[in-house]
Amino acid sequence: ESVPVNALVANKGTPFEDLPPLPSWTLVRMVATARIVMPASMVRLSAGRNSLSQAEQAMCFLAGANSIFTGDKLLTTANVELDQDESMFDELGLKGKAPFGGGSRRGVPQPKQQQQEHHVESLSGRETAELASA
């Protein structure tokens, strides 16, 4: 199973456009709760991740996130650039694994709007986690 954890992205023209962003600790608690309730699931940091600092994303990984979506754009929102994610993974000691479906490995540019799933070793090194490329 895969569980996306989204932070609100207050897009103009939507009923929520004037809402303030969620505090990062709220997202960390959501990730920790998802990990406890669904221990075998891939807990994915998804929409709104681009508003988090590298340290805040690291806290989400420590709280139990083991997957992120990468690529230029999610369904309706901008996303973190692939080179920024690669830099973060290097800094945090995350290592890419072969993607599902025989696609290319992390670090090799993917065609825009094509989703591929990759595995990433967790911060603790105790499990294999997943990294999806959108």
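Just so it is clear, the model here is predicted, and its values are computed rather than measured.

K.L.:
Would you explain the nonpolar core in this entry?
P.N.:
Within soluble globular proteins, side chains that are nonpolar generally end up buried alongside one another. With 17 residues, the main nonpolar core has V31, C60 and F61 as its most contacted residues. Secondary structure elements with two or more residues in this core: α1 (24–37), β2 (42–45), α2 (54–63) and α3 (82–92). For this core, the element with the highest residue contribution is α1, accounting for four residues. Apart from the residues within four sequence positions on either side, V31 is in contact with V5, V43, L45, C60, A63, G64 and A65.

K.L.:
It is not clear to me how a nonpolar patch on the surface should be interpreted in this structure. Could you clarify?
P.N.:
Together, L8, F16 and L19 give the surface a local cluster of nonpolar side chains, amounting to about 270 Å² of exposed area. Counting through the fold element by element, L19 comes out in the loop between β1 (2–5) and α1. Given a relative accessible area of 42%, L19 falls into the partly exposed group.

K.L.:
Mind showing me how you'd approach the pairing of β1 here?
P.N.:
Where a strand is regular, its side chains alternate between the two sheet faces. Burial of β1 is one-sided: the residues V3 and V5 facing one way are buried, the residues S2 and P4 facing the other way are not. Once you follow β1 into α1 and on to β2, the crossover reads as right-handed.

K.L.:
Is there a simple way to explain the confidence of the model for the protein chain in this structure?
P.N.:
As a note on interpretation, predicted positions should not be read in detail where pLDDT is low. Chain-level statistics for the protein chain give a pLDDT mean of 75 and a share of 71% at 70 or above. Averaged pLDDT values over the elements of the protein chain bottom out at 42 in strand β5 (residues 128–133) and peak at 94 in α1. Low pLDDT, under 50, characterises residues 103–119; the predicted model gives this stretch 61 contacts beyond four residues in sequence or across chains. Scored below 50 in pLDDT, residues 121–134 makes 64 contacts in the model with residues more than four places away or belonging to other chains.

Basis of the calculations
- Residues numbered from 1 in each chain as written.
- Predicted model: local features only at pLDDT ≥ 70, side-chain atom pairs only at ≥ 80, totals over all residues.
- Heavy atoms only, no water.
- Core = buried A, V, L, I, M, F, W, Y, C linked by side-chain atoms within 4.5 Å.
- Buried < 20%, exposed > 50% of the residue type's maximum accessible area, 1.4 Å probe, protein only.
- Helix = DSSP H or I, 4+ residues; strand = E, 2+ residues; numbered from the N terminus.
- Contact = heavy atoms within 4.5 Å.
- Patch = residues over 30% accessible without salt bridge, like charges linked within 9 Å, V, L, I, M, F, W, Y side chains within 5 Å.
- Areas by Shrake-Rupley, 256 points an atom, 1.4 Å probe, with all protein chains shown as cover.
- Salt bridge = Lys/Arg side-chain N within 4 Å of Asp/Glu carboxyl O.
- Right-handed = clockwise from strand over helix to strand, strands pointing away.
- pLDDT = per-residue confidence, 0-100.

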